[in-house]
Amino acid sequence: MDKKKKIIGIKAIFICLLLGWAFPTFAQTVDAIRFGDKQYEYGVGNDSIKFFLKVLDANGKRCNDVYATDLRNHFGLVEDGDTIKNDKWTVKTLTEGQRIPSDFTISVLVDLNIPQSGKSDIYEAVQTLVESAHDSCVFLSFFGDRVSNSRMVTKENYKDFYHQFQETAESKFFYSALYSKLTEFNFGNTEFDGLVKVQDNYKKDDEIFLRAQKARDRNLLFIFTEGNKIPEFEELNFIKVTDYQGRTDIVAPKVYALFYDAGNGIDEDMERTLKGVTYPRDVFSHNPIPNRQGEYMSSNNIKTVLQQFEQAVRNEMYDFALTYQVAEGKNYSGKVDFTALWDGEAKGTETFSIGTPERPWPIRPETAISSVKKFLIALMVAFFTILLFIAIMKIFIPWIKSKAFSMKYYKKYKPMENVRMMICPMCRFEIQPGDKVVTRCRHIMHVRCWKANEYKCVEYGQNCKDGIQDHIQWRFLFSKETLRDCLLTIMGICASLVSWIIYEISGRGFFDGLATGFVNLFFKTDGQSMGIINDCITLVSSFLSIGLLLGFFLSFVFRLFDGVKRRSFGWFLEITGLSLLSSVIGMAAFALGGVILCLWVSPTDTFIPWYCSFPAYLLFSVCISLSLIIKSTIPFKSALLGGLASAIIGFIVLYFSSITSKRWPWMNMLLDFVIYGGGLGASLTTVRMLAEKYFLVVKNGIRSGLRIPIHKWMNAGNKVTIGMTQQCEIQMAWEKSNKVAKEHVQLYVNQNRSQAMLRPLAPTTFNTRAELDASNKPVPLFNGDTFKVGDTIFQYVEN
Ligand SMILES: [Zn+2]
Ligand SMILES: [Zn+2]
């Protein structure tokens, strides 16, 4: 080696030493950082998020020599792409208490063939596990002659299990025990359930699979067994057990096998099986399944076995609690991605739900001025939503229809053979080849004449049924007609605004207790419930409130402005009662949609994806539509179509617009409310106009122009009665004369001839000429026919 190289070598060693002194290296290098549970609380003044963390080495074991101070120097946290500055968070070492996150589910299986002194030691070792876990996390079971039920262990009841550790066994159903405890983490029956040798009244513990379903990567099975006694021959075997654990479509625990070998050697099949389930491989690809790699440990000394057990438990524990305060003005309303850095390198990621779009977090105190400002803005939003809906209904839709009409029926005139000359019925001039004409009906007209005649055929209404084009009626845009056509939309938006104001003032969810109770029906929790279950409770509480408010107020206004009934006290009570019924239906729909679908469909265990809330909104919308048709003129189809469409648009606005995360966290919910209410109202009017066939139009008096849809009754084979009493479908509350009978006329459809009929029950003028009364037979009704009841003239219109 020449001199130069030697000097470089010395320099290199020197630099390395220097670096080593300046940056002490860890005996174990940090390879991964895991996030445990997250914690945050609702309420004014709560604005910090807490995570539990653990730092792992390359073998996936916890780094024993990393301390809180090291985190200060090396750790970094990125939230949704933004680095949280080091001085924003604090970190604490966890030394005692519940260091195993509450969403872990731990099943401990003990072989009763282990010598007595060993079992007593296991009893004590498991006690430390029970003490560092949440109550309801740990389940204990035994095997020997038979496999016992898994029972939940708490700090309180653990001593009751002592005598079970004292029991002995004659035989050893090893495969039954293994198989039944593995399958307990998954829902339903499995292929070989019939082969297991279990105690009488054996039952899989539902709690285990319900918990496991919620937190798929947080399930552990500890098996204590020994090698002294050879297992019984069973139909279940190595292949059946390991194949099950190698299935990726199931929820399976990570297995730790603790084998006490008293010196008689190890049964080969048993060892192979234990290794198979502790290091499972995908049955198809044969690759190791990450997150299911446990450990197989054996020793001829029970103390060593227990040390290994403690080490395994410690590996699952979280060592640090990291807390940080939310930046001013930052709002959370759902999924947030976190990345843990070590020396600037990403070492672990996790996604958590923080807040919900329905109930953004944190809740900040509001001054009176900012509250007033908020409600003023909300008023403006509602007002502009009304304008938007009017624009859609009165400008956009007619424009689209008009365009479609023009494209289809405006044509250049081409003279047909054997037609010598065509005269425009409007201007009486001859139509020249190449003139632009309207070809909708047989009365070919110039386009300019058509437009001059208000977009219709000159014969329309007399000899022509089809010659009319929808168009924007600018003249009538700000008229009473517009107001009448958009009444339900405007009322829907007003009802939504009122609902939203109550929702906002009451804290965006006032059913926390009921929601907890409801969620607990499906998922037992122990007070310090799991993160995702807390999110679910919050969500369900908001859902219940939304269901109650929107259900009640929307139903109330739609009923208030539906139909033609005298506004008596009894009628008012009736619609209030029906609206209360709607609100109960709305709550039930949201509760079911929220809990069952939200949690059972949710494929993740740390956050609730957006699409899990979607079924709740759809279910709500369908149920509200169903409740609206009870005792009203509202047909199901129009309520359903409009309800679904507006629920979907509202949902998209709620979940996908980013307004929430900015200045006004309440804005998305407000938009969702008014869009749903307005959309439902708009559809009740528009879809009804489009889809319905039979109407009565009032031709004179104060109700002149009123279109009463009678489609629903006529279609159902029912009848429409017009008269003065409450029992009539059309109660002529506006009629001041005393010429109207209690039941004056009846309309119905003759099913054999599918012909609309009018049956007079009291003197009625028909088509201004015929005087009918109760002695007359029913007369057929045709489009355009009129009849006079009292002083009111009705026209029968078929679309
Ligand atoms: Zn003309
Ligand atoms: Zn015509």
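Higher on the page you've got the structure.
Structure report, in brief.

The rules behind each value
- Residues numbered from 1 in each chain as written.
- Chains lettered and ligands numbered in written order.
- Predicted model: local features only at pLDDT ≥ 70, side-chain atom pairs only at ≥ 80, totals over all residues.
- Heavy atoms only, no water.
- Pairing = 2+ DSSP bridges.
- Helix = DSSP H or I, 4+ residues; strand = E, 2+ residues; numbered from the N terminus.
- Axes fitted to C-alpha atoms, helices over the stretch in contact; angles between N-to-C directions.
- Contact = heavy atoms within 4.5 Å.
- Donors = N, O, S within 2.8 Å, 3.2 Å for Na, K, Ca; no water.
- Tetrahedral: all angles 85-135°; square planar, octahedral: opposite > 155°, others 65-115°.
- Buried < 20%, exposed > 50% of the residue type's maximum accessible area, 1.4 Å probe, protein only.
- Salt bridge = Lys/Arg side-chain N within 4 Å of Asp/Glu carboxyl O.
- Parallel < 35°, antiparallel > 145°, perpendicular 65-115°, else oblique.
- Left-handed = near helix turned anticlockwise from the far one by under 90°.
- Nonpolar A, V, L, I, M, F, W, Y, C, P; charged D, E, K, R; others polar.

### Quick look at the sheet that holds strand β6 (residues 105-111)
Phase 1: Sheet architecture is open: six strands sit in the order β8-β7-β6-β9-β10-β11, paired in mixed fashion. Because the sheet does not close on itself, it has two edges, and the strands there are β8 (151-153) and β11 (295-299). The average undirected angle you get between the axes of adjacent strands in this sheet is 20 degrees.
Phase 2: Relative to strand β10 (residues 254-260), strand β9 (residues 219-226) is paired through seven bridges, and the arrangement is parallel. Note on β10: the bridge partner recorded for F224 is L258.
Phase 3: Of the strands in this sheet, β6, β7 (138-143), β8 and β9 touch helix α3 (residues 116-132), which is tilted by about 175 degrees from β6.

### Topic: the coordination of the zinc ion (ligand 1)
Phase 1: Protein-derived ligands of the zinc ion (ligand 1) are C424 (SG), C427 (SG), H446 (ND1) and C449 (SG), with the metal-ligand distances lying across 2.1 to 2.3 Å.
Phase 2: Here the zinc ion (ligand 1) is ringed by four donor atoms whose angles at the metal span 98 to 120 degrees, and the overall shape comes out tetrahedral.
Phase 3: Coordination of the zinc ion (ligand 1) draws on donor residues from a single chain, spaced C-x2-C-x18-H-x2-C in sequence.
Phase 4: Residue classification places C449 among the buried positions, given a relative accessible area of 7%.

### Description of the pattern of salt bridges
Between side chains of opposite charge, pairing is possible as soon as their charged atoms come close.
Phase 1: All told, the structure shown has 23 salt bridges when counted by the stated rule.
Phase 2: A salt bridge links E345 to K347, with the nearest nitrogen and oxygen atoms 3.6 Å apart.
Phase 3: Between E504 and K374 there is a salt bridge, with its nearest N and O atoms 3.0 Å apart. Of this pair, E504 sits in helix α13 (residues 487-505) while K374 is found in helix α10 (residues 368-409), placing the two residues 130 residues apart along the sequence.
Phase 4: On the accessibility criterion, K374 (6% relative accessible area) is buried.
Phase 5: Ionic contacts of the salt-bridge type, sharing partners, join the residues E366, K374, E504 and R508 into one network.

### Thoughts on the pairing of strand β12 (residues 320-325)
Phase 1: Looking at chain direction, strand β2 (residues 48-56) and β12 are connected through six bridges and run antiparallel. Along β12, the bridge assignment pairs L53 with F320.
Phase 2: Note: strand β5 (residues 89-93) against β12, five bridges, orientation antiparallel. Counted as the bridge partner of T90 is T323 from β12.

### A look at the packing of helix α17 (residues 614-628) against helix α18 (residues 636-656)
Phase 1: Two elements in contact, α17 and α18, have axes whose closest approach is 9 Å; the angle formed by their N-to-C orientations is 150 degrees. The angle between the axes of α17 and α18 places the two elements in the roughly antiparallel class. Between α17 and α18 lies a crossing of right-handed hand. The residues of α18 that touch α17, namely those facing F614, Y617, L618, S621, V622, S625 and L626, are F636, A639, L640, G643, L644, A647, I648, F651, L654 and Y655.
Phase 2: Classifying every residue of the contact of α17 with α18 gives 14 nonpolar, three polar and no charged.

### Quick word on unusual backbone geometry
Phase 1: Along the chain, W361 connects to P362 via a cis peptide bond; the corresponding omega equals -5 degrees.
Phase 2: Within the fold, P362 resides in the loop between β14 (345-354) and α10.
Phase 3: Positioned with a positive phi, D80 is a non-glycine residue whose angle comes to about 50 degrees.
Phase 4: With respect to the helices and strands, the residue D80 is situated in the loop between β3 (75-79) and β4 (82-84).
Phase 5: A positive phi is found at H286, a non-glycine position, where the angle reads about 65 degrees.
Phase 6: For H286, the location among the structural elements is in the loop between α8 (268-278) and β11.

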